[in-house]
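Examination of the molecular architecture
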Amino acid sequence: MKVIKQGKLPDEQIHRETCGHCKSELEFKHSEVQWSPDPRDGARWFVICPVCTRHVWGSSK
């Protein structure tokens, strides 16, 4: 097998989000996200802002 273009594993993906509360710009690995425990929300993920400790929800960008 020959690799034409090497991709990235999901755990290596880097996300960038802005905290809606304190406006801190965050960068984190996909392996650092937490998943919403509420089944009504579907499969939504979030991280905790290290500045204000609020939930920063992931977007589908």
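Remember, it's a predicted structure, so these values are computed and weren't measured experimentally.

To continue, consider the overall build of the protein. Looking only at helices and strands, one finds zero helices and five strands in the protein. Helices (α) and strands (β) of the protein occur, in sequence order from the N terminus, as β-β-β-β-β. Taking all 61 residues of the protein together, the buried fraction comes to 25%. Restricting the contact set of the protein to residue pairs at least 6 apart, pairs at least 24 apart contribute 27%.

This brings us to the confidence of the model for the protein. Residues of the protein with pLDDT of at least 70 account for 84%, and the chain-wide mean is 86. Mean pLDDT across the elements of the protein ranges from a minimum in strand β3 (residues 34-35), with 88, to a maximum in strand β2 (residues 25-29), with 94.

Conventions used here
- Residues numbered from 1 in each chain as written.
- Predicted model: local features only at pLDDT ≥ 70, side-chain atom pairs only at ≥ 80, totals over all residues.
- Heavy atoms only, no water.
- Helix = DSSP H or I, 4+ residues; strand = E, 2+ residues; numbered from the N terminus.
- Buried < 20%, exposed > 50% of the residue type's maximum accessible area, 1.4 Å probe, protein only.
- Contact = heavy atoms within 4.5 Å.
- pLDDT = per-residue confidence, 0-100.

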